[in-house]
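Breakdown of the fold
For reference, the chains in residue letters:
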Amino acid sequence: MKALMEVQGLTKRYGGFTALDNVTLSLSDDAPSMTAVAGESGSGKTTLARMMLGFIEPTQGAVLYGGKDVAKMSASEKRQFRREVQPVFQDPFEVFNPFYRIDHVLTTPVKRYRLADTDAKAQSLIEDALKRVGLRPQDTLGRFPHELSGGQRQRVMVARAVLLRPRLIVADEPVSMVDASLRATILDELRTLNRDLGISIVYITHDLTTAFQICDNIVVLYRGTVAEAGAVERVIGDPKHPYSQLLVSSIPLPDLDKVWGADEIPVTEANAARLNNGCQFAPRCPSVMEQCWRAPPPKFVPDTQRLATCFLYDGSAVAPDDDVASVFRPPETARLG
Amino acid sequence: MNRFFASLRRNYEQGRISAILVLGLTILIAVVLFGVVGSLFVDPINATVGAVRPRRPPGADYFLGTDSQGRDMWTLLIYATPNTLKMGLIAGFIGVGFGAVLGLIAGHFGGVADAIIRVISDALLTVPAIAVLVVIAGNIDRMSTLIMAMVVASLGWMFTTRTVRAQVLSVREKAYIEVARVNGEGPWEILFAEIMPNIMPYIVASFVGTVSGSILAVIGLEALGLGALEEMTLGNTIYWSQQSSAVLRGYWWWWGPPIVVIALIFIGLFLTSVGFDRFANPRLARR
Amino acid sequence: AQVEDMPRNETLVLTPWGDQPAQFANVENWHPYLTSVTHQRDVMQFTVNEMLFYTNLNTGELIPWQAESYEYAPDFMTATIKLRDGVEWSDGEKFTAEDVKFTLEAVRDAPPESRGAAAYNEWIKDVTINDPLNVTINFNKAAPRFIRDYLALGHENHHTILPKHIWEGQDFATFTNYDPDKGWPVGTGPYKLVLTTNQQEIFDRRDDWWGANAGFQDMPAPKRIILVPVSSDDAMGQLHIANQVDGGRQLLIGTFEAARAQNDKLQSWNTEGPNWGAPDGCDYSLVFNMMKEPWNDVNLRYAINYAIDRDALNDIGYEGSQKPVTYAFSGYMAGTWLGEGSPLQAVLDKYNLDDPSQDKVDEYMANGGYAKDGNGLWAKDGAPIRVTVRTPAFIQPILAPLTQQLKNAGFDAVQAPVDDTWLPDIQSGNFDTMVFVHCGSLSEPLETLQHYHSKFSRPLGETIPTPIAASRYSNPEYDAIIDRMDAVTADTSPDSGYMKDAAAALDIALRDLPQIDMLEEFHVVTFNNTYWTGWPSAEDPYVAPYTPWEAFNVVIHNLKPSGAE
Amino acid sequence: MSKELQRYLLTRFGQFLLIIFVAVSINFIIPRLLPGDPVQTALARLQTAGGAQNVDIQAVSASYRAKYGLDAPLIEQYFNYWMDLFRLDLGVSFANFPEKVSTMIGNALPWSVGLLATATLIAFLTGSLLGARLAWPGAGRGIKTLVPMMMVLTSIPFYLLAIILIYFFAVVLRWFPPAGGVDTTRIMRFDWETTRDILNHALLPALSIILGNIGFWALGMRSQMINVLGEDYITFAEAKGLPPRRIFVWYGMRNALLAQITALALSLGHVVSGAILVEVIFNYPGLGSLLYVAIRGQDYFVIQGVVLMLIVSLAVLLFIVDLIYPLLDPRIRR
Amino acid sequence: MSAPKEVDPVLEVTNLNVHYDTGHGPAKAVNDVSISLKPGERLGLIGESGSGKTTMATALMRLTRPPGRIASGSVMLDGKDIMAMSARELRETRLRDIALIPQGAMSSLNPVMRLEEQIIDAIVAHTSGMKRAALNARVEELLTNVGLAAEVARRFPHELSGGMKQRAAMAIATSLSPKVIVADEPTSALDVVVQRQVMQTLGRLQDGLGAAVVLIGHDMGLVAQFADRVGVMYAGKIVEIGPVRQMIEAPRHPYTRLLVDSLPGIKVKQALIGIPGLPPPLVNLPPGCSFSPRCPFAFERCKNEVPQPQEVGDRQQAACHLYPEHSALPPMPVGPNDTEAQP
Ligand SMILES: Nc1ncnc2c1ncn2[C@@H]1O[C@H](COP(=O)(O)OP(=O)(O)OP(=O)(O)O)[C@@H](O)[C@H]1O
Ligand SMILES: Nc1ncnc2c1ncn2[C@@H]1O[C@H](COP(=O)(O)OP(=O)(O)OP(=O)(O)O)[C@@H](O)[C@H]1O
Ligand SMILES: [Mg+2]
Ligand SMILES: [Mg+2]
């Protein structure tokens, strides 16, 4: 398997605090995939995304793009990388410089990456990209960001990424600030990009329902470590790790037959002080065992297409290498066309 | 240009351009016109030493009386006002230009540049202008309004640096800066094309503040007799009236009119800066 | 020590002369010979200290005080002073010839920065005591003017006798002469220091003063003298209006008039303006650096002279309170040897320098080979003549009008910033032109005339010994006349040889015009009659009216309570 | 004390020392950049004192030079300068030799601090209160008219205000003494009479500073307060049914004042240099007058000493603000 | 639990209008809204961003601030009209009778006061004569009620996590056992686990106090999990209101229907369908039904006539011209996902 991007043993520390701890994940180049990264607030999702985008440097480990370490790239390699790996940010307002019209974020990459040699070509490129995300160029161009709705703004940002025809889009909570009704539309567009243009997408979210709907695989992070990973049907449909279980059972569904667990979740973290080297989830875990405090659990593979870092599955096979992608299922190319 | 007017209109409609700003600018323009237009109607000779009978109260011959050096106060005022404004503006431009660039660099690039700029600006913040002026005054054979303006500017940039730096730090964290990076913009382009336009209101507000601070400092130094005494300025007029004990003698027309003009300049600048404050801080505009 | 309150009408409040910081410095140092400690000229001289003699500069009359008389030997190589009997120090010790000998020799041997040390070292060989009340000074060379100049004139910073029993064995350079427990400073004057702070120096009357006991003088009327600092003309005016001071710092004429309008008890020397003030022996002159091009050109100097309108300078700079002059002979005793029939007056009249005229400017400039350039400025070989008008701060009022007059006459004149570099520059010759205060004759013409003697002149770059020789003028012919005059006492009768020499010297001085004298300085000394009367004035000129001059002690003894509550 | 707090304090202290170092070095250089010879200049003023014309200039300047350590190489002078500073020795005044500069400053300081700092604080407090009231909805008519008047007064530099005040209250009306720190004949004691006399003299200068500054603080406070009043916690405080006064003071002003503290420190530090003219105009015996006279007389070490005072006091004030800021704003206390 | 039936409403809002004055005229952020709430009832209000939920919540307590103003309407709380109260009465009523859990709990606590002071402030403003010790005990009790340790009382807001702040605000809101609690998106910034914890706490408190709750949110799932009755807001109006099950299973208003449809589940993968178009600008509402430009069923009448709320089922009301002609919502027409989609 040829890898598009490899995240190798990635660790990030802020001062003494470990935001991300030894995460390995490779994205296949053969079949453009959609991978979700989920987890509670502060679990290290954004940290991971920013390292994948080359915005911050890892404390340990490396991000390889096309086999090259992003941190050690030459200027021209970096340019290439910049162009091929594009972000979509969470807040659809902050991504626009209020001083400029919408056009600014679209024309700049065309100019900087010399995507077109004539103005007309540039114009048609931009209009194409906008149409692709369901925006009408004549209604969109020439406006100031605050004149557009949140949904429209987010679509412009997707259009911006489309324009560059990247190989990988890292979308950090792209819809958490967008209304429920628009959310669907935007995610649908991301999925279309993946299918139609073959762009790999890393979708970062704490919303498991949308992850379930659009992604092939998911990585659940807890305090910087991988709790569970694998195909979405597996991980969300039948979570194994106590944390994923908690997450899934906490999803508020507009489904009156599926009520929230009546059991209240313990609020205070008893024994938090005991934790030093063991499983990060141990203090909150309802099925915590003695060994959980001692050492971090390895990546067990309780059944196919998933792994869970939990001693409950002691005895199952352990993932052959550290790479969580090893248990991923191939993308549903079948649905194409 | 179109964009400028569009944004002007938008700002006006959003209540960001207030009556206060308009009033402030009007006063300032009136003061400038007083100097510019006034000079068409008076003979500059009357503002030279010994040109008219000294120490005359206001009357038919001398509209605002004459001073102890035999100068016509009205003429003097007309020539002094633009000179004083000029010093403020020059100091404002130099101070804010310098201060803003340093603030931008310190905020944007951080690290060593930031540390150096911060320590120097904080240290200079503690040095009183008088100390520097004494040195400069001693080192040149003739004080001029231009030099005064430079001296004041040399100590008037630190506040701008502080504000601009703080603003850059907050703007720098905005997501659109990262967007600019992935859009292929370089660090300087980001600084000047992405960051700077957004802190322009602060720079402008800081300019107004620096201009009035500079005028205050210039007049203060002049009133201490440290100015360019040969040139006609409002501060020098105050100095000479102090030298001649004009207050005690009840010769209000020596110190009264310059004080009124100075006050008008300050009120104008002050209202303008309040107006710009609302501009830079939309929350204020709503009240 | 506890200081009691004293009614205002028994207290005399004075300020130092000139602008002072609003705080006194060195308040615990009462050494009268330290140049930088100004207590002597500010207050000590009319409270704690007295002098051997004073002089009424208005008349030339000698006022013996601690001494009764002095007498020169015919060759002027010695002088003998007879002390008054009954003079006592404030600690009860007798004032004797020992003290005089000690003081004169101590000053002679003092470090150079001490007041008078250089002069004493030049003139005094030693001092011999004849008896306790009789002392003879032996000079190094003929010194016909020494006693008058240093011990009798009663003019600023001349000298007081120190109590030997206190000063002997002290280090003259560092002794502070202050110890309230021991009653220091000790002097023969009727006042003792009771409080010295940065805000006030307070002296209370000492009722065991020798003068009253010996029947020499009545006790002075003020029971307390307070010296307070004052930093500006304005402030002084305000203090006068509020009756918070009785005298001291002079006022500007305008301030004086304004203050008098609010307080009719204020007086100056004269009863009418604008010449309210009294002369002080100095004038304002424009000095040329004779060692520099083009200032060594007499045509240029004359042209500048005729560009100057002294009346206008007086009017604009000083509101008419000064007096136009063409040479530095002061208004004091000059009256006795100038005027109708005086050979000196004839010379002044002959040159008639106070005659502003653009024609004469043009004429002299043409003579000198100057022409006006494209900007209408006088120039030679295309280079305009830049006249930099520099002054010390205390002559600043003249700066603007003088510059303007020169500009009007076609000179490229500029005002220099007012700071204190002017004197070092004078000393080293690093200047072109300078407005300076030229202090000349209080008594005889020689006092002024000697200033152009080449013994004070030095080549450019070398320091001149006295700033009065700023022009660095030198002329052997002139020197010879001055040397002649220096060896004899002044005989100011019109036909004397002395006066003939004086006229000859003056003629040379005005012919060469190394400096242009412009205005005689008249200070509007201001006294307040609210609590104290009896101040000296033109109507009652018993002594010169300046507090920094030693003879002000005589004023203290002439004051009378006004009777005001 | 937490590790973070310790580190915060240490960093701040380091910065403080660095700033002092730079500023003090600038202060060392400043007079040395003056043209001419400081000793000659010092002698100049002696000579104008009259009578000293027969002092031997050469000898005196040599002896002064040695006395003030000005014959040493620059780097050595710099070193000595620091050594002297540690001994609190600021040198001597040329103009008032052998008076110590530290003594002169010590004498002037209480007057300046008493007058200027008090007046600045009063202006700060009343101005802030007024500004806060102005931002508060439903501000009374009185305040709405009072504050603009204050703004106009603020627009006049306060030394000019001093001139006007003197003219009306001391010259025309004669309600207050126009000059000085106390009556000339007052014997200073710790009693009511003296205190009243001092206050009486301080009133006009203080008033000119207060009137000249109040509007500045009012305006700053107003805009801070408007910001604060837009915060959610104010709405929530209202929703809690708190009395308006409580909200005004503890939720509004308390937060709005935070932003004003640094400005206060800066202005306290600049009080002396800013108020030189006020002191000069009122003949007030403070640092301002001292500096003024020293500048006019180019009294080398006195200028240096006073400026040093200003620099250090401002740096110290800023440092203190840094130190107490965490106490005022718990958010910084991390 | 379900609401008791024939009891007088504790809160009755009639024809409430709240406008923001803008440069272009008034923005009708709350437009003729009437709702009533029985004691102990849980009412959910959902609607997309900008539909006027917060405006409504603040207006209920008369906390509306310029440029907003309450143009008309009444809010009867237990028989007393909040809109007509004196300032003093109003102050006493707030918190004691009706309490707010603000939208931004993150920023609703005074950053410079310790939590306990902020709680005590609230209590002291309404009761007199309580001793410090009693107050402290009460603070502890309140914090325990919301699941916070007593030690938290000594902390400053920035030392609390988002969930803790939200609970703290809840503790303050329930400190005087109010009759009505208005909770404005109390969990929108929290992740699901914490969200659930907080909502469960709120539910427990409500049970204990017997207070009525208005829960505002934009997440249908969350509201469905909590409320008995749900109202849907669109452009300042309540377009449909009814018991929660009916609203999800048989929505009558096209907007409600589209909203429910846009919610993804986790059972089967399905097409994600959003609602095309944008809400209208509040200063310039279309003449007829505000939703008509986006409505797949819109017909001529919708563009001219403002629909009034009408009964469309058991205790279910909708403001839509489809009724009473239709008895249920017709099947969705399938059209391109386009802004200008028309039936
Ligand atoms: N620059 C930084 N300095 C210090 N700590 C940081 C920094 N950035 C992130 N952290 C910490 O690292 C942890 C992980 O942060 P991250 O932003 O990656 O979380 P996240 O999963 O994206 O959370 P959210 O869902 O809130 O966006 C958090 O505890 C955060 O406080
Ligand atoms: N101060 C204001 N000035 C003008 N318009 C305002 C103001 N505050 C709110 N609005 C407008 O009123 C409408 C309703 O706002 P409101 O905050 O009540 O919405 P919301 O439903 O609570 O939205 P959200 O889900 O984002 O909290 C919005 O369109 C908003 O633009
Ligand atoms: Mg994140
Ligand atoms: Mg809201």
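The rules behind the values
Just so you know, the residues in each chain are numbered from 1, in the order the chain's sequence is written. Starting at A for chains and at 1 for ligands, labels are handed out in the order in which the entities are written. Residues qualify for local features only when their pLDDT is at least 70, as the model is predicted, and side-chain atom pairs are given and counted only at 80 or more; totals for whole chains, interfaces and linings, by contrast, use all residues. Where side-chain values are given, they derive from all heavy atoms of the structure, hydrogens and water being excluded. UniProt positions are given in the numbering used here, feature names are shortened, and annotations may be inferred rather than shown by experiment. A run of H or I in DSSP counts as a helix once it spans at least four residues, and a run of E counts as a strand once it spans at least two, with each numbered from the N terminus. By convention in these notes, a residue is near a molecule or strand provided one of its non-hydrogen atoms lies within 4 Å of it. Pairs of N or O atoms within 3.5 Å make up the polar contacts considered here, provided that, within protein, one atom can donate a hydrogen while the other can accept it, and that residues adjacent in sequence are counted only when both atoms are side-chain atoms. Residue-level accessible areas treat just the shown protein chains as cover; the underlying method is Shrake-Rupley with a 1.4 Å probe. Residue contacts are counted whenever heavy atoms from the two residues lie within 4.5 Å of one another. Values labelled buried area give the accessible surface lost by two parts on being combined, using a 1.4 Å probe and summing over both. Salt bridges, as used here, are contacts in which a Lys or Arg side-chain nitrogen is within 4 Å of a carboxyl oxygen on Asp or Glu. Gly is put with the polar residues, along with every residue not named as nonpolar or charged; the nonpolar set is Ala, Val, Leu, Ile, Met, Phe, Trp, Tyr, Cys and Pro, and the charged set is Asp, Glu, Lys and Arg. The pairing criterion is simple: DSSP has to find at least two bridges between the two strands. Stacked, tilted and edge-to-face pairs are distinguished by plane angle, under 30 degrees for stacked and over 60 for edge-to-face with tilted covering the rest, among Phe, Tyr and Trp rings (Trp via its six-membered ring) whose centres lie within 6.5 Å. Classification of residues uses two cut-offs on accessible area relative to the type maximum, computed with a 1.4 Å probe and protein chains only: under 20% is buried, over 50% is exposed, and between them is partly exposed. Start and end positions for the domains come from either an automated domain assignment or a database one.

This chain's UniProt record puts "domain: ABC transporter" (unreviewed entry) on residues 5-248 of chain A. Between the C-alpha atoms that bound residues 5-248 of chain A there is a distance of 29 Å. The span itself is 40% helix and 26% strand.

Further remarks concern the site of ligand 1. Residue and element names in this part refer to chain A. All residues adjacent to ligand 1 are Tyr14, Phe17, Ala19, Glu40, Ser41, Gly42, Ser43, Gly44, Lys45, Thr46, Thr47 and Glu173. Contact between ligand 1 and Gly44: an oxygen atom at 3.0 Å from a main-chain N or O atom of the residue. Between Lys45 and ligand 1, the recorded distance is 2.8 Å, taken from a backbone N or O atom to an oxygen atom. Here ligand 1 loses 60% of its free accessible area of 630 Å² to cover by the protein chains. The set of elements that each furnish at least two residues to the shell around ligand 1 consists of strand 2 (17-28) and helix 1 (45-52).

All names here are of chain E. Close to ligand 2 lie 14 residues, the nearest being Ser49, Gly50, Thr54, Thr55 and Gln103. Ser51 has a polar backbone atom sitting 3.2 Å from an oxygen atom of ligand 2. A distance of 3.1 Å is found between an oxygen atom of ligand 2 and a side-chain nitrogen or oxygen belonging to Glu185. Protein burial of ligand 2: of its 630 Å² of free accessible surface, 68% is covered by the chains. With three residues, the single largest contributor to the shell around ligand 2 is helix 1 (residues 53-60).

Tallying the contact residues gives 48 residues for chain D and 45 residues for chain B. In terms of surface lost to chain B, no three residues of chain D exceed Ser155(D), Ile163(D) and Tyr167(D), which account for 13% of the buried area on that side. Put simply, chain D and chain B have zero salt bridges between them. Remark: the boundary between chain D and chain B carries zero residue pairs in polar contact (both at pLDDT 80 or more). When residues of the side of chain D that touches chain B are traced back to their parent elements, those giving at least two are helix 1 (3-32), helix 6 (141-155), helix 7 (158-172), helix 8 (192-229), helix 10 (244-269), helix 11 (271-281), helix 12 (287-296) and helix 13 (300-328) of chain D. Residue composition of the side of chain D that touches chain B, by class: 37 nonpolar, eight polar and three charged.

The next point concerns the environment of Val63(A). All names here are of chain A. Within the element layout of this structure, Val63 appears in strand 4 (residues 60-65). Considering only alpha carbons, one finds Val63 and Leu197, 134 residues apart in sequence, at a separation of 24 Å. When neighbours within four sequence positions are excluded, Val63 is seen to be in contact with Met5, Glu6, Leu10, Met51, Met52, Lys68, Asp69 and Val70.

The assembly contains seven pairs of chains in contact; the pair sharing the most contacts is chains C and D. Nothing in chain C touches chain E; the tightest C-alpha to C-alpha distance between them is still 46 Å.

Bringing the sheet that holds strand 14 (residues 371-372) of chain C into the picture now. Residue and element names in this part refer to chain C. Sheet architecture is open: three strands sit in the order 14-15-16, paired in antiparallel fashion. Two strands lie at the open edges of the sheet, namely strand 14 and strand 16 (383-384), each paired on one side alone. Pairing analysis gives two bridges linking strand 15 (residues 378-380) to strand 16, with the strands arranged antiparallel. Its bridge partner lying in strand 16, Lys380 is registered against Ala383.

This brings us to the pattern of salt bridges. Tallied over the full model, the rule gives 71 salt bridges over all chains. The partner of Asp315(C) in a salt bridge is Arg55(B), with the nearest N and O atoms 3.4 Å apart. Taken together, the residues Asp315(C) in helix 10 (residues 310-318) and Arg55(B) in the loop between helix 2 (19-41) and helix 3 (73-109) connect one chain to another. One salt bridge in this structure joins Arg186(D) and Asp197(D), with 3.0 Å as the shortest N-O distance.

For the rest of this paragraph, the subject is the packing of aromatic side chains. Two aromatic rings are characterised by how far apart their centres lie and by the angle between their planes. Residues and elements named next belong to chain B. A full pass over the atoms with the stated rule returns 71 aromatic pairs over all chains. Between the aromatic rings of Phe109 and Trp188, the centroid separation amounts to 4.9 Å while the plane-to-plane angle is 50°, which identifies the pairing as tilted. One end of the pair, Phe109, is in helix 3; the other, Trp188, is in helix 9 (residues 187-223), with 79 residues separating them in the sequence. On the basis of relative accessible area, Phe109 is assigned to the partly exposed category, the value being 35%.

Turning our attention to the domain arrangement of chain A. Residue and element names in this part refer to chain A. Split by domain assignment, chain A resolves into domain 1 (3-215) and domain 2 (239-336). Between domain 1 and domain 2, the contact holds 15 residues from the first and 16 residues from the second. Of the roughly 1200 Å² buried where domain 1 meets domain 2, counting both sides, 59% is carbon and sulfur surface. Counting across the interface, domain 1 meets domain 2 through one salt bridge. Note that Arg284 and Glu40 form a salt bridge whose closest N and O atoms lie 3.4 Å from each other. Linking domain 1 with domain 2 are four residue pairs in polar contact (both at pLDDT 80 or more). Across the side of domain 1 that touches domain 2, the residue classes tally to five nonpolar, seven polar and three charged.

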